[in-house]
Amino acid sequence: MIALVKTLQVFLALSILIIVHEFGHFLFSKLSGTRVDKFYLFFDAGGFRLFSTRHNPLIRKYLPRLAQSETDYGIGWLPLGGYCKIAGMVDESMDTDQLKHEPQPWEFRSKKSWQRLLIMAGGVLFNFILAIVLYIGILAHWGKSYVANEGNCLYVNELAYDMGFRDGDHIISFDDYVPENFYMLQADMVRSGASTAIVQRGKDTVTIYLDQSRVAEILQAPGMFDLALPFVVDTIVESSPNFGGALLRDDQIVAVSGIQTPFLQDARKVFEQHPGDSVAVSIVRSGDTLVTSVQVDTAGKIGVYTRFPGLKTKEYSVLEAIPAGFVLAYDTVVGYVKDMKLVFTPSTGAYKSVGSFISIGQAFPSAWDWYQFINILALLSIMLGVMNLLPIPALDGGHIVLTLYEMVTGRAPSEKFLVVTQILGMILIFMLMILAFGNDIGRLIR
């Protein structure tokens, strides 16, 4: 069931993103008087399709005007994207027959360079617009919630410890950058390219020098910074072996079996060593330190919910959400561009994190959650927009670069050059797809 829910979310998200992106190309093509031969969700490779307004007998019978439209609207069978086939344009369809005749007024190649630039940029523009609209809706309806870095401390893994961080540290800044969201600390550290981390350790301020040669290790070690939580009892569940026992709400466990446990994670490790046993714990209650015993179940747990620092939530009116949505979209674009820079820097090893539809599916929740779905959809829309701006032939960015070159120099690239660059671009894209699927398969095997 979980796999089905995730698959449906991926399918719906990708369908929305493809339709919105291609509609951007479609709209600017129509505005410029350029004919669009096909508007397809997914690819109709080999001429096979699941649906076509031009070939569907019911459409031809009941909606003849739609069937006879200059644009064939359809759904292909290969779910690796979608496309607008624009007349007179060298694109991923590699249809070069159209180039054998003289340019026609309705063709892409007959339009002015600024019109072609808008057509090419339309898909990316609509991806960014979609993200902005979604972020505005999220902020207006749910607000912005996160665990603040301010007032919270680290519980570190082995890599973080080796780099100089310690349990209980509070990160003040990475160089001059002051992080706001606790669960973005690891990403902020990498994205900022900082050489130092300033931390509060007890009453002292400590400078930790960050070795940039370890970026690859950081990227491959999620969970460097866990939230260090004092073990404060919030609720004792009825099924707990300690329900109705010595523990009370607001008790803070500070030692287990004679071992000091300043944080929840420390106590968990000791409890896991005593499954099914009764162990002595030191608790702080109303300022007094008491010693009592608790029962540990066979799973190494004591059956309580602990106090968690509240989420910091900022609420927005609709009018306030509009500028805030633009800012959030801009910050997300900047963050993703920094991530892309890492991917194209081989020494960081970030290319190993590139994923395919499998990784996208794992990002979605196991149960349907509109807040998470819309959040992920907005992020994917920005990722698709940024990816398409890469100056790679066969991507929008490649076409945009060639059009800008023409606008600056006054010389248009030859059609033969466009065909060759398109082929090279497709080869590069297939190589990236192989890398993405290979990474995902490798992760599944491991």
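Up top is the structure.
Residues numbered from 1 in each chain as written. Predicted model: local features only at pLDDT ≥ 70, side-chain atom pairs only at ≥ 80, totals over all residues. Heavy atoms only, no water.

(A) Highlighting the sheet that holds strand 8 (residues 196-201). Ordered by their spatial adjacency, 3 strands build an open sheet running 7-8-9, and the pairing between neighbours is antiparallel. Every interior strand has two partners, whereas the edge strands, strand 7 (170-174) and strand 9 (204-209), have only one. Mean inter-strand twist for the sheet, computed between neighbouring axes without regard to direction, equals 25 degrees. (Pairing = 2+ DSSP bridges. Helix = DSSP H or I, 4+ residues; strand = E, 2+ residues; numbered from the N terminus. Axes fitted to C-alpha atoms, helices over the stretch in contact; angles between N-to-C directions.)

(B) Seen up close, the environment of Ala221. Locating Ala221 in the fold gives a position in the loop between helix 7 (215-219) and strand 10 (225-228). Look at Ala221 and you get buried, because its relative accessible area is 18%. Sequence separation between Ala221 and Asn157 is 64 residues; the distance between their C-alpha atoms is 9.0 Å. In this view, Ala221 contacts Asn157, Leu159 and Gln186; residues no more than four positions away in its chain are not counted. (Buried < 20%, exposed > 50% of the residue type's maximum accessible area, 1.4 Å probe, protein only. Contact = heavy atoms within 4.5 Å.)

(C) Looking closely at the pattern of salt bridges. Under the criterion given, the structure shown has 14 salt bridges. A salt bridge links Lys30 to Glu70, with the nearest nitrogen and oxygen atoms 2.6 Å apart. Within this pair, whereas Lys30 is found in helix 1 (residues 2-31), its partner Glu70 is found in the loop between helix 3 (64-67) and strand 3 (72-76), the two being separated by 40 residues in sequence. For Lys30, a relative accessible area of 33% puts it in the partly exposed group. With its nearest N and O atoms 3.9 Å apart, the salt bridge here joins Asp37 to Lys85. You can see Asp37 sitting in strand 1 (residues 36-43) and its partner Lys85 sitting in strand 4 (residues 78-86), a full 48 residues away along the chain. For the pair shown, Asp37 and Lys85 are each scored as buried. Put simply, Asp234, Arg249, Asp250 and Arg307 are held in one network by salt bridges that share partners. (Salt bridge = Lys/Arg side-chain N within 4 Å of Asp/Glu carboxyl O.)

(D) Representation of the sheet that holds strand 1. In spatial order, the strands read 2-3-1-4; together these 4 strands make up an open sheet with mixed pairing. The open sheet has two free edges, formed respectively by strand 2 (49-52) and strand 4, since each of these has just one partner strand. For this sheet, the mean angle separating the axes of adjacent strands, direction not counted, is 15 degrees. Relative to strand 3, strand 1 runs parallel, the two being bridged by 4 bridges. In the strand pairing of strand 3, Phe39 is matched with Tyr73.

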